[in-house]
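Below are the chains, spelled out letter by letter.
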Amino acid sequence: MLVSRVKNHAIRQHRVLLSLVVLGFLIWRSSSRFWFFRVRVTDMPAVRVEGLNANSSRFTLNGEPIRILGGSMHYFRVPRAYWSDRMVKMKACGLNTVTTYVPWNLHEPERGAFKFHGQLELEAFINEAARVGLWVILRPGPYICAEWDLGGLPSWLLRDKNMKLRTTYPGFTAAVNSYLDKLIPRVVPLQYMKGGPIIAFQVENEYGSYGNDSQYMSFIKEALVSRGIEELLVTSDNRQGLHRGGLKGVLKTINLQKIHPEVLRQLEAAQPDRPMMVMEYWSGWFDVWGGLHHVFEADEMVPVIAELLSQGMSINLYMFHGGTNFGFMGGALGNQPYRPMITSYDYDAPLSEAGDYTPKYHRLRTLFRGYQSDNLPMMPKSQQKKPYKAVTVFQHLSLWEALVYLEKPHHSLRPVNMENLPVNNGNGQAYGYTLYETAITSGGTLNSKNNVRDKALVFVDKVFIGVLDYKTLELAVPDGKGERILSLLVENCGRVNFGKDLNNQRKGLVGDIVLNNTPLRNFNIFSLDMKPDFIERLQSTKQWKSVPKMLTYPAFFQGKLWVSGYPADTFIRLSGWSKGVVFINGQNLGRYWSIGPQQTLYLPGPWLKRGVNQVPPTYLFVRSQACVCGIYTQIGTLNSISCVSKLY
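Before going into details, it helps to say that this report is about the structure given with it. (Residues numbered from 1 in each chain as written. Predicted model: local features only at pLDDT ≥ 70, side-chain atom pairs only at ≥ 80, totals over all residues. Heavy atoms only, no water.)

### Section: the overall build of the chain
For clarity, the threshold we go by: Helix and strand labels come from DSSP, where a helix needs a run of H or I of at least four residues and a strand needs a run of E of at least two; each type is numbered from the N terminus. Each residue is placed in one exposure class: buried if its accessible area under a 1.4 Å probe, protein chains only, is under 20% of its type's maximum, exposed if it is over 50%, and partly exposed if it falls in between. The contact rule is simple, with two residues in contact once any of their heavy atoms fall within 4.5 Å. Each accessible area is a Shrake-Rupley estimate made with a 1.4 Å probe; only the visible protein chains count as cover when residues are assessed.
In terms of regular secondary structure, the chain is built from 11 helices and 36 strands. For the chain, with 648 residues in total, the buried portion stands at 60%. Restricting the contact set of the chain to residue pairs at least 6 apart, pairs at least 24 apart contribute 78%. When the accessible surface of the chain is summed, it comes to about 26,100 Å², and 53% of that surface belongs to carbon and sulfur atoms.

### Here we look at helix α11 (residues 532–540)
Rules: Our arc is simply the arc of the directions from the helix axis toward the C-beta atoms.
Burial in α11 covers these residues: F534, I535 and L538. Burial along α11 is one-sided: seen end-on, the buried residues are contained in an arc of 100°. α11 presents P532, E536 and S540 as exposed residues on the side facing more than 90 degrees away from its buried surface.

### Here's the deal with the sheet that holds strand β3 (residues 69–73)
As a general point, the strands of a sheet are linked pairwise by backbone hydrogen bonds and lie either parallel or antiparallel. Rules: Strand pairing requires that DSSP identify at least two bridges connecting the strands. Axes here refer to lines fitted to C-alpha atoms; in helices the fit is confined to the stretch in contact. Angles between the N-to-C directions go from 0 to 180 degrees.
The strand order around the closed barrel formed by eight strands is β3-β4-β5-β6-β7-β8-β9-β10, and the pairing between neighbours is parallel. Averaged over neighbouring strand pairs, the angle between their axes works out to 30° when direction is ignored. Bridge count for strand β6 (residues 198–202) against strand β7 (residues 232–237) is three bridges, and the pairing is parallel. Considered in β7, the bridge of Q202 is made with V234. Where helix α7 (residues 261–270) meets the sheet, it contacts β8 (251–256) and β9 (277–282), and its direction lies at approximately 170° from that of β8.

### Side note on helix α9 (residues 359–369)
Those residues of α9 not exposed but buried are K360, Y361, L364, R365, L367 and F368. When α9 is viewed along its axis, its buried side chains cluster within an angular range of 165° and face the same direction. Opposite the packed face of α9, turned more than 90 degrees from it, sit the exposed residues P359 and T366. Of the surrounding secondary structure, the elements contacted by the buried residues of α9 are β3, α2 (83–93), α8 (298–310) and β10 (314–321).

### A few points about the nonpolar core
We count it as follows: Throughout, nonpolar core names a set of buried Ala, Val, Leu, Ile, Met, Phe, Trp, Tyr and Cys residues whose side chains join them through atoms within 4.5 Å.
Core analysis: the biggest nonpolar cluster contains 160 residues, and F172, Y281, I305 and F368 have the highest contact counts within it. For this core, the element with the highest residue contribution is helix α5 (residues 170–187), accounting for eight residues. Setting aside residues no more than four positions away along its own chain, F368 makes contact with L69, C93, G94, L95, I305, L309 and L317. Formed by 21 residues, the second largest nonpolar core is a distinct cluster that contains Y436, L488, L509 and L520.

### Here we look at the packing of α5 against helix α6 (residues 216–225)
Heads up, the rule is: Roughly parallel refers to an angle under 35 degrees, roughly antiparallel to one over 145, roughly perpendicular to one between 65 and 115, and oblique to any angle outside these ranges. Crossing handedness: left-handed means the near helix sits turned counterclockwise from the far one by under a right angle, and right-handed means the same turn made clockwise. In this classification, the charged set is Asp, Glu, Lys and Arg, the nonpolar set is Ala, Val, Leu, Ile, Met, Phe, Trp, Tyr, Cys and Pro, and all remaining amino acids, among them Gly, are polar.
Between α5 and α6, whose axes approach to 10 Å, the crossing angle comes to 25°. By the angle class used here, α5 and α6 are roughly parallel. Relative to α6, the crossing made by α5 is right-handed. Counting all contacts with α5, which are made through F172, T173, V176, N177, L180 and I184, the residues of α6 involved are Y216, F219, I220, A223 and L224. Residue composition of the contact of α5 with α6, grouped by class: nine nonpolar, two polar and no charged.

Just geometry here; none of it tells us what the structure is for.
In structure tokens, the structure reads:
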């Protein structure tokens, strides 16, 4: 095992002592700077007589004119330890408002089981914005898009075969009401007129591009108002949806990246003598696996923003800081072909995925300085990035050996989609992988009938024979003697987050698979949702083996990362690996796929600890000299997981 160690004990003690001294100095300097920052820029009025008002051509707040200079940052995409850092950088750029979505699928992962603590403590995020001196525009959904799995809607909604998402279908509205009963009381006390920083709420999200239920948006509006929301309400639509979106008495806003004069005229004509606002000015764009990394140059972006501001408009940059789709939360594009989102949500935003300044940030700061009556606060230093020694991969456990640590398989005559499996207290499986196994007695042609969602690795008696996905619908099954086990390991690569396909996002096997035109029957179905309890069970087992020369895949691997000194941000590079997910110290860093464009996974320093960090069961299905997931990969050495200091 090649784990970096400090060989000289005396030198190590000296370094630790020095680290503590330096760290103490840095904390004092950091605390002093933020104290100065707070005193200088926090200007929340002591007496509040009127909230954000949109009854004239300019916004007013507490009766005074205000231009909203906002930036989007999602608390669920940024480690909680960094919320303040990112907000302070927003304020230092000249912004006065932060906007965030609220992801229903994280806050209610199982029906009736709510999570509002730790990374998901929304009230803490909002209060931190107030402490820094930022107003908040809250976008509570229930649908949020956001390149997030199912647009933020929980997958258990899809257990209802008749479900109609984003409509007044009773099964959907009942679930929405139950959710908002828990969410809204948490934010009501944080409204502007109650002393908090929330100045506006968005009603749903870009509904003009999706729905034709004429009662739905009124239902969402009433669901907010009846629960105590009193601040300004807005809607948000893109160019195509603007003419169909909106609600009477609710301010319309537009989403765009380039100026189309006719669209701005349309917005102004729809609500004359009311403020004009771009709710989403797209500062970059998202990336999909197998595509190119999108870059929107500062030279193109800044003149557009300057022109919008010169017309007296308010603006919110989507994103100002994108963050990361940790875990399995990235969404997908559903229009043909299916294209899943990468793990990074860098978005080519003014603050990078790791919170670093970019040329866009500096150009925007110069621009926004001209709209400030006071000097901008100082820019805080960026978080340190550090390349560590390579991760030592020293243990291996094949998928087949790991099955005993799962819950007992579900027996079914026909395939059952992931969401309708009888697991997770009757809520089905939301994310991860599902293994379907059945007996066959012959070879021939295996046809998926396009019922694989989204990608299946196919095995006969644990021997890999190929892949079924949206492009490959047939495989040749070799002949053999007697009864054999056919296994299909199906990966949910991410549910569509935008468009007309939301109701069709069930995953796993969603229908029959046929062998020689005969539907297969009698399945054992294993749920591999990769939840923390499974990872902990797997990590604690004594069945792990040393990494052999000849490996079998799919497999789990364990490694160790040695961190000397104070933990710093880093990026995991998986040279030679093909596809899978990486956990470290119990945190799911997200999906990895060698087809790019993303080549590394962001690892925040607060998730590391000094000394040995476990990379526990990292699940990577890769094969040497074989075609998996449509690509070939050559593994040189298993000690090829390195830590570097950049994303791409």
